[in-house]
Amino acid sequence: VAANLAGYAVRRRVDASGAISLYNRRHSIGIIHKRKTVHVMFDSEAHEWIVADEDGRQLSRQLATRISREDIMNLTVSLRGKHI
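What counts and what doesn't
Residues numbered from 1 in each chain as written. Predicted model: local features only at pLDDT ≥ 70, side-chain atom pairs only at ≥ 80, totals over all residues. Heavy atoms only, no water. Pairing = 2+ DSSP bridges. Helix = DSSP H or I, 4+ residues; strand = E, 2+ residues; numbered from the N terminus. Axes fitted to C-alpha atoms, helices over the stretch in contact; angles between N-to-C directions. Salt bridge = Lys/Arg side-chain N within 4 Å of Asp/Glu carboxyl O. Buried < 20%, exposed > 50% of the residue type's maximum accessible area, 1.4 Å probe, protein only.

Draft legend 1. A look at the sheet that holds strand β5 (residues 48–52). Taken in spatial order, the four strands make up an open sheet running β1-β4-β5-β6, and their pairing is antiparallel. Pairing within the sheet leaves two strands with one partner each, and these edge strands are β1 (9–13) and β6 (58–63). Each strand axis lies, on average, 25 degrees off the axis of its neighbour in the sheet, ignoring direction. As judged from the five bridges shared by β1 and strand β4 (residues 37–43), these two strands associate in the antiparallel manner. Across the sheet, the residue bridging to R13 is T37, located in β4.

In structure tokens, the structure reads:
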């Protein structure tokens, strides 16, 4: 799963409080980046989310704590649905 995630980059819009949403969870990027469009990638070796601006400059790196074998197997990576 980690190797597969590393092959994608997704766009997110930073909200007015300086946060983005990934898998229905908020991640603070910084108020200085409010309302900017950013690109989010997964670093499978460091197990971190990388957030970059539209010019490719890195803005943030955060541990991807919910991308774990347990959460994937239990279908609890996202908070949207409840495990049946």
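Draft legend 2. Structural context of the pattern of salt bridges. The full count for this structure, using the stated rule, is five salt bridges. Two residues, D53 and R57, come together in a salt bridge whose shortest N-O distance is 2.9 Å. D53 gets classed as buried once you look at its relative accessible area, which sits at 11%. The exposure class of R57 is exposed, given its relative accessible area of 51%. When salt bridges that share partners are traced, they join D43, E48 and R61 into one network.

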